[in-house]
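A look at the structure
Here is what each chain is made of, one letter per residue.
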Amino acid sequence: MDGTLVDTEPYWMEAETALVESFGGTWTHEQALTLVGQGLETSGAILQEAGVRMSVRDIVDHLTAEVTRMLAERGNPLRPGAADLLSALRSAGVRCALVTMSLRSMAEQVVAPFGDTFELIVAGDDVTRPKPYPDAYLQACRALGVDPSEVVAIEDSPTGVRAAVAAGVTTIGVPLMVSLVGAGAHTLWSTLAERTPDDIAAVYAAHRTGDRT
């Protein structure tokens with residue numbers, strides 16, 4: 001979601017910086033980049049190391065509340081092509097699920113404008129182990145009743161890419177904040193703009209054919 005569907009990473013970074021500074025610390029852009037795609041509890045522990053004297057749970061709740069407030073005030077900053085691609089997938093009858101490490105409350109707020117496009121949400125508070133573990137993707141596949149080999153994931157972070165690949169899912173990387181070179185994606189796109197369900201099907205077909213040869 002964050003960085004793939006909506007460009008909320010600047011919101012997260014703003015909230016992280018304000019929190020660290022409130023405890024007298026500093027939080028650089030480079031430090032913020034290390035949290036991109038991480039599970040919120042992992043991020044909370046890293047922020048504790050940066051001097052935030054709060055429990056991990058309180059850090060997660062605080063950051064989520066701040067980013068949720070920004071979304072309400074500033075709106076959903078959609079990534080280029082994301083809305084059009086989702087609309088095309090829905091028209092083509094392709095089942096869609098959202099797999100995110102953000103909390104469910106935020107995920108539901110972000111996807112609300114898309115109606116019933118997403119059949120399922122698996123959020124950070126729905127899984128025991130966060131990305132890069134494959135658990136979230138495997139949970140989504142089980143809930144949809146599909147095999148991971150029948151699925152395509154679109155991810156923007158190395159952590160997310162590794163999770164999807166580890167689950168056995170054909171993975172398209174669309175980088176935003178950090179490079180995905182070497183993360184293991186089966187193909188890299190610079191943007192979702194002008195992409196279609198046929199483009200996704202072509203990536204899937206190429207990957208599965210490669211697996212059989």
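Check the entry above for the structure.
Note that the coordinates shown come from a computational prediction; the quantities given were computed from them, not determined experimentally. Every chain's residues receive numbers from 1 upward, in the order its sequence appears when written. In keeping with the predicted nature of the model, local features appear solely for residues at pLDDT of at least 70, side-chain atom pairs appear and are counted solely at 80 or more, and the whole-chain, interface and lining totals rest on all residues. Working from all heavy atoms in the structure, the side-chain values ignore hydrogens and water.

1. What to know about the layout of surface pockets
What the largest pocket holds in volume is close to 1,100 Å³. The way it works is a 1 Å grid over only the protein atoms, where trapped points that fit a 1.4 Å probe form a cavity and open points with protein on both sides within 12 Å along at least five of seven lines form a pocket, and then any residue with an atom within 4 Å of a point lines it. Ala 97, Tyr 137, Val 152, Ala 153 and Ile 154 are, among the 49 residues lining the largest pocket, the residues nearest its centre. In terms of residue class, the lining of the largest pocket is built from 34 nonpolar, seven polar and eight charged. Quantified by volume, the second largest pocket comes out at close to 220 Å³. In terms of lining, the second largest pocket is formed by 14 residues, of which the most central are Leu 40, Glu 41, Gly 124, Asp 125 and Val 127. Grid points are joined across faces, edges and corners, and a volume is the space filled by probe spheres set on the points. Each residue gets one label: Ala, Val, Leu, Ile, Met, Phe, Trp, Tyr, Cys and Pro are nonpolar, Asp, Glu, Lys and Arg are charged, and the others, such as Gly, are polar.

2. Brief notes about the packing of helix α4 (residues 56-74) against helix α6 (residues 104-111)
To get an axis, fit a line to the C-alpha atoms, keeping to the stretch in contact for a helix; angles then go from 0 to 180 degrees between the N-to-C directions. Helix and strand assignments come from DSSP, with helices taken as H or I runs of at least 4 residues and strands as E runs of at least 2, each series counted from the N terminus. Packing of α4 against α6 brings their axes to within 10 Å, and their N-to-C directions diverge by 10 degrees. Taken together, α4 and α6 sit at an angle that is classed as roughly parallel. Note on packing geometry: the crossing formed by α4 with α6 is left-handed. Of the residues in α6, those in contact with Thr 64, Val 67, Thr 68, Leu 71 and Ala 72 of α4 are Ser 105, Met 106, Gln 109 and Val 110. Counted by class, the contact of α4 with α6 contains five nonpolar, four polar and no charged residues. In what follows, roughly perpendicular refers to angles from 65 to 115 degrees, roughly parallel to angles under 35, roughly antiparallel to angles over 145, and oblique to any angle outside these ranges. For a crossing to be left-handed, the near helix must be turned anticlockwise from the far one by less than a right angle; the clockwise case is right-handed. By the convention used here, residues are in contact when the closest approach between their heavy atoms is within 4.5 Å.

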